[in-house]
Amino acid sequence: TRVIKEYRYETKSKALAKGVDVTEDPFNVYITGIDTYGSIATVSRSDVNMIVSINPKTHQILMTGVPRDFYIPQVCQDNQLDKLTHTGIFGVDCTLKSVENFMDIKLNYYARVNFSSLINIVDALGGITVNSPFAFTTNNGYQINVGENNLSGEAALGFVRERYSLDGGDNDRGKNQEKVISAIVNKLASLNSVSNF
């Protein structure tokens, strides 16, 4: 094959945040993970979908995983039913608006991560510790044992991506993704980690 013609389109980023006083008011952060390495601006499917609800007054955090293959009306496709993961192809604003409409909630902020950023975050923290109820080998060759596992960035990526070795498949993968987010938050909460970062 050869390139006959090439087009480039530039778009300006829109502010999608719906700000609140995060020291007083409960708020939701949407975590969307795309299935690529490299630039976070890459167009790709939204394979990780998680709502993190934070209440600053009660100091509680609730994580709600939304399965990637969940069929929802998509605002960027005239509300046709399609897999949630496909909203990522149309942009993070499509994902946010579709989830907000379907779940009747407000998503105040979002974080978009990919394979590279997860590896970099975990490695910058000096690794994380997760507790696994299952022993399995990840798709990138890391052995996960029952109980506590100390994971590098690459091992953490394997841990959150694996589904075929798990009895619960994608449901267990979603639980593992929540464990990694919790481990990152716990590591960030320690003073030593913050100074290292």
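Note that the structure is predicted; figures quoted are calculated from it, not measured. (Residues numbered from 1 in each chain as written. Predicted model: local features only at pLDDT ≥ 70, side-chain atom pairs only at ≥ 80, totals over all residues. Heavy atoms only, no water.)

**Thoughts on the overall build of the protein**
Point 1. Helices and strands together make up the secondary structure of the protein, namely 5 helices and 10 strands.
Point 2. What you see for the protein is a C-alpha radius of gyration of 18 Å, in line with the 16 Å of a compact globule of 197 residues.
Point 3. Viewed in the frame of its principal axes, the protein has a C-alpha envelope of about 55 × 50 × 35 Å.
Point 4. Scored against the burial criterion, the 197 residues of the protein give a buried share of 40%.
Point 5. In the protein, of all internal contacts separated by at least 6 residues, the share reaching a separation of at least 24 is 51%.
Point 6. As presented, the protein carries roughly 11,800 Å² of accessible surface, and 52% of it is formed by carbon and sulfur atoms.
Point 7. Averaging the coordinates of the 19 positive side-chain charges in the protein and doing the same for the 21 negative ones gives two points 6 Å apart. (Helix = DSSP H or I, 4+ residues; strand = E, 2+ residues; numbered from the N terminus. Rg over C-alpha atoms; globule rule 2.2 N^0.38 Å. Buried < 20%, exposed > 50% of the residue type's maximum accessible area, 1.4 Å probe, protein only. Contact = heavy atoms within 4.5 Å. Areas by Shrake-Rupley, 256 points an atom, 1.4 Å probe, with all protein chains shown as cover. Lys, Arg positive; Asp, Glu negative; His and termini not counted. Charge placed at Lys NZ, Arg CZ, Asp CG, Glu CD.)

**Thoughts on the pairing of strand β3 (residues 60-65)**
Point 1. Of all 6 residues that make up β3, 0 are buried, and the element is exposed over most of its length.
Point 2. Across 6 bridges, strand β2 (residues 46-55) lies against β3 in antiparallel orientation. Opposite Met50, over in β3, you have Gly65 as the bridge partner.
Point 3. Between the antiparallel neighbours β2 and β3 lie 4 residues, among them His59 with a positive phi of about 60°. (Pairing = 2+ DSSP bridges.)

**Regarding the sheet that holds β3**
Point 1. The strand order across the open sheet built from 4 strands is β3-β2-β1-β6, with neighbouring strands paired in mixed fashion. Two strands close off the open sheet at either side, each with one partner strand: β3 and β6 (109-113). With direction set aside, neighbouring strand axes in the sheet form an average angle of 20°.
Point 2. Its contacts with the sheet place helix α4 (residues 170-189) against β1 (27-34), β2 and β3, and it is angled at close to 150° to β3. (Axes fitted to C-alpha atoms, helices over the stretch in contact; angles between N-to-C directions.)

**A closer look at the nonpolar core**
Point 1. Counting 19 residues, the largest nonpolar core has Leu118, Ile128, Val130, Leu151, Phe159, Val180 and Ile184 as its most contacted members.
Point 2. Looking at this core, the elements with two or more residues in it are α2 (115-124), β7 (128-132), α3 (153-161) and α4.
Point 3. Broken down by element, the residue count for this core peaks at 5 residues, all from α3.
Point 4. Here Leu118 is in contact with Ala156, Leu157, Val160, Val180 and Ile184, once residues within four sequence places are set aside.
Point 5. Counting 10 residues, the second largest nonpolar core, distinct from the first, contains Leu16, Leu84, Val92 and Val99. (Core = buried A, V, L, I, M, F, W, Y, C linked by side-chain atoms within 4.5 Å.)

**Brief notes about the packing of aromatic side chains**
Point 1. Applying the stated criterion to the full structure yields 4 aromatic pairs.
Point 2. With centroids separated by 5.6 Å and ring planes inclined at 80°, the aromatic side chains of Phe70 and Phe102 adopt a geometry described as edge-to-face. With Phe70 in the loop between β3 and β4 (71-74) and Phe102 in helix α1 (residues 92-103), this pair connects stretches of sequence that are 32 residues apart.
Point 3. Its relative accessible area of 39% is what places Phe102 among the partly exposed residues. (Phe/Tyr/Trp six-rings, centres within 6.5 Å; stacked < 30°, edge-to-face > 60°.)

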